[in-house]
Amino acid sequence: MTFYKELVKGLWKENPIFRLVLGMCPALAVTTSVENSLGMGMAATFVLICSNIVISIFRNLIPAKVRIPCFIVVIATFVTIVDLLMNGFAHELHNSLGLFIPLIVVNCIILGRAEAFASRHPLWLSIADGIGMGIGFTLGLTVLGATREILGAGSITVWGDLKWTVAGYEPMILMILAPGGFIALGCLLGGMNHLQAIAAKRKGTIFTPPAHLDCRSCVMCKFGK
Amino acid sequence: MMESLKLVVVLTLICTVGGALLAVVHDVTAAPIAAAAVKEKNDAIMQVLPECDNNPGEDVVTVDADGQTWTFYVARKAGAFVGAAFEAVSNQGYGGDIVIMVGVNAEGSVQAIEVLAHKETPGLGAWISGESFRGQFAGRSIAETKWAVAKDGGDIDQITAATISSRAVTQAVKAGLDVCTANMTALAGNQP
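Read on for a plain summary of the structure. (Residues numbered from 1 in each chain as written. Chains lettered and ligands numbered in written order. Predicted model: local features only at pLDDT ≥ 70, side-chain atom pairs only at ≥ 80, totals over all residues. Heavy atoms only, no water.)

**Some details on the overall build of chain B**
Formally: What counts as a helix is a DSSP run of H or I of at least four residues, what counts as a strand is a run of E of at least two, and both are numbered from the N terminus. Burial classes follow relative accessibility: with a 1.4 Å probe on protein chains only, a residue under 20% of its type's maximum area counts as buried, one over 50% as exposed, and anything between as partly exposed. Whether two residues touch is decided by their heavy atoms; if any such pair falls within 4.5 Å, the residues are in contact.
For chain B, the count of helices and strands is 4 helices and 5 strands. Listing each helix as α and each strand as β along chain B from the N terminus yields α-β-β-β-β-β-α-α-α. In terms of overall dimensions, chain B has C-alpha extents of about 80 × 45 × 30 Å along its principal axes. The proportion of buried residues among the 192 residues of chain B is 41%. The contacts of chain B with a sequence gap of at least 6 include a subset with a gap of at least 24, amounting to 47%.

So this is what it looks like as structure tokens:
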């Protein structure tokens, strides 16, 4: 039961992108298309699960004083392995993601999960956490990528075979450029808070988003009042 | 003392294991990575060249022109020269280098061009890799074409809102084609 709980919390309740707001660098940089989002998500998930496993196994052997360097070495090793394997066996994908793979090393989700979860919990729960957080991260990236690709390119293409086009839509190029990433992320975060607020109201409870994401503590627009 | 010794030992152990693991993976992937890079280049060469039966990726002629070394990949059919491909690089694009593979037939006109790498703006300059822009280079030679974009009074139609990228590609192709045309006899005469 706890296994299941740790697994699903990453999907929505503690979604790394929309709830924890971690890993913003890849979330903004690679989400220009669904294909890139999926590739980045899967690579990060693999690294996350592997590093969670190793760190959880050795959590009692790693001295607290050098834990961060130890985590980084473990994560960097797995990232380099992914980089090499992808370059050798999925060269096309490597061409479009190559620049972002090394960035997984400093991706706060992976170090964050190592520090906050894997170093304090047994192996099974850490695997569940890694899988859940990885899928949550991939989902978040894909939603963001799909939004940007539809609005910015007017179509969605996944690995060349699956192509879906919005008929008669003039693409808004801004959305696949850098500013589009910030705009799409901001709108999605705001939208999710809004939906949760409505859902909470129906149940008669009060929804409190994480303080740094709380629309009501911000006075930029009239909704903040 | 004992405590700091433990820190050193643990960190050293982790780094050693990590290093060993990477050495193994590197060993396993070195060959596929090299093969993928060669295949990628050969695919690009074959896409821009006329039909041939040799391996242009290994049939190489280098020419020095204006302090720059050009590498030509020669295509032959039944031993006869049918064309050559070369890589042209432009630093005049909107963001970083544009790498183009250009194929030239035996008459000295462009067979096809292929954009290998670029960092132009998605949705604007990125269209230089689209067929509608690349296609218009086919059949053009140095003598019978005004090598400039239409905006500058030339024969190449620029991409709307991406004149800089279009100009960069046009100039890079011309520069290489100049060298290629000037050395055509040397290329054709070269024996494998």
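Now that the structure is up, let's keep going.
**With respect to the environment of A:C50**
Residue and element names in this part refer to chain A. You can see C50 is positioned in helix 3 (residues 34-57). Given a relative accessible area of 15%, C50 falls into the buried group. For the pair formed by C50 and V34, sequence separation is 16 residues and the distance between their alpha carbons is 24 Å.

**Brief notes about unusual backbone geometry**
Residues other than glycine seldom take positive phi values, yet A:V21 does so here, at roughly 50°. Note on placement: A:V21 falls in the loop between helix 1 (2-9) and helix 2 (24-29). Phi at B:A161 is positive, roughly 70°, even though this residue is not glycine. Tracing the backbone shows B:A161 in the loop between helix 2 (131-134) and helix 3 (163-182).

**Let's talk about the packing of aromatic side chains**
Residues and elements named next belong to chain B. Stated precisely, the cut-off is as follows: Only Phe, Tyr and Trp rings are paired, with Trp represented by its six-membered ring, and only when their centres lie within 6.5 Å; those with planes under 30 degrees apart are stacked, over 60 edge-to-face, the remainder tilted.
Scanning all chains against the criterion turns up 5 aromatic pairs over all chains. Note on F72 and F86: the rings are 5.5 Å apart at their centroids and 70° apart in plane angle, and the pair reads as edge-to-face. Of this pair, F72 sits in strand 2 (residues 68-77) while F86 sits in strand 3 (residues 80-90), placing them 14 residues apart in sequence. For the pair F72 and F86, one class covers both residues: buried. Site record: aromatic cluster; members linked through ring pairs are W70, F72 and F86.

**A word on the pattern of salt bridges**
One side chain can pair with another of opposite charge once the charged atoms of both are near each other. Applied cut-off: Any carboxyl oxygen of Asp or Glu within 4 Å of a side-chain nitrogen of Lys or Arg constitutes a salt bridge here.
Under the criterion given, the structure shown has 13 salt bridges over all chains. B:E3 is the salt-bridge partner of A:K65, the closest N and O atoms lying 3.3 Å from each other. Highlighted residues: A:K65 in the loop between helix 3 and helix 4 (67-89) and B:E3 in helix 1 (residues 2-48), drawn from two different chains. Judged by its relative accessible area of 47%, B:E3 is partly exposed. Its salt-bridge partner being A:R113, residue A:D129 comes within 2.9 Å of it at the nearest N-O pair. Of this pair, A:D129 sits in helix 7 (residues 123-153) while A:R113 sits in helix 6 (residues 108-118), and the two are 16 residues apart along the sequence. The burial state of A:D129 is the same as that of A:R113; both residues are buried. Linked through salt bridges whose partners overlap, the residues forming this network are A:E6, A:K9, A:R113 and A:D129.

**What about helix 8 (residues 178-203) of chain A?**
All names here are of chain A. Applied cut-off: Any helix carries an expected span of 1.5 Å times its number of residues minus one.
Helix length check: helix 8 (26 residues) gives 38 Å between terminal C-alpha atoms against 38 Å at 1.5 Å per residue, within 8%. Taken together, the buried positions of helix 8 are occupied by G180, G181, A184, L185, L189, M192, N193, Q196 and A200. Of the residues one or two after helix 8, G204 is the one with positive phi, at around 85°.

**Things to note about the interface of chain B and chain A**
Much of the literature gives interface size as the accessible area that the parts lose upon coming together. What counts, and what does not: Accessible surface is computed with a 1.4 Å probe, and the buried area is the amount of it that two parts give up when combined, taken over both parts together. For this analysis, a polar contact is any N or O atom pair within 3.5 Å, provided that within protein one partner can donate a hydrogen and the other can accept it, and provided that sequence-adjacent residues contribute only side-chain to side-chain pairs.
Listed per partner, the contact involves 22 residues of chain B and 22 residues of chain A. Approximately 1,900 Å² of surface area, both sides summed, lies buried where chain B meets chain A, with 82% of it carried by carbon and sulfur atoms. Linking chain B with chain A are 1 salt bridge. Along the contact surface separating chain B from chain A lie 2 residue pairs in polar contact (both at pLDDT 80 or more).

**Digging into the sheet that holds strand 5 (residues 110-117) of chain B**
Hydrogen bonds between backbone groups are what pair the strands of a sheet, and the pairing can be parallel or antiparallel. Residue and element names in this part refer to chain B. This is how the line gets drawn: In short, DSSP must find at least two bridges between two strands for them to pair. Axis definition: a line fit to C-alpha positions, over the contact stretch in the case of helices; interaxial angles, taken between N-to-C directions, run 0 to 180 degrees.
Taken together, 5 strands build an open sheet; the order of strands is 1-2-3-4-5 and the sheet is antiparallel. Sheet topology places strand 1 (60-65) and strand 5 at the edges, where each strand pairs with a single neighbour. When strand polarity is set aside, the average angle formed by the axes of neighbouring strands in this sheet is 25°. Pairing of strand 4 (residues 98-105) with strand 5 involves 6 bridges; the strand directions are antiparallel. If you follow V102 over to strand 5, its bridge partner there is I113. Sheet contacts for helix 1: strand 2, strand 3, strand 4 and strand 5; angle to strand 5, the most-contacted strand, approximately 150°. On the sheet, helix 3 packs against strand 1, strand 2, strand 3, strand 4 and strand 5 and is oriented at approximately 45° with respect to strand 4.

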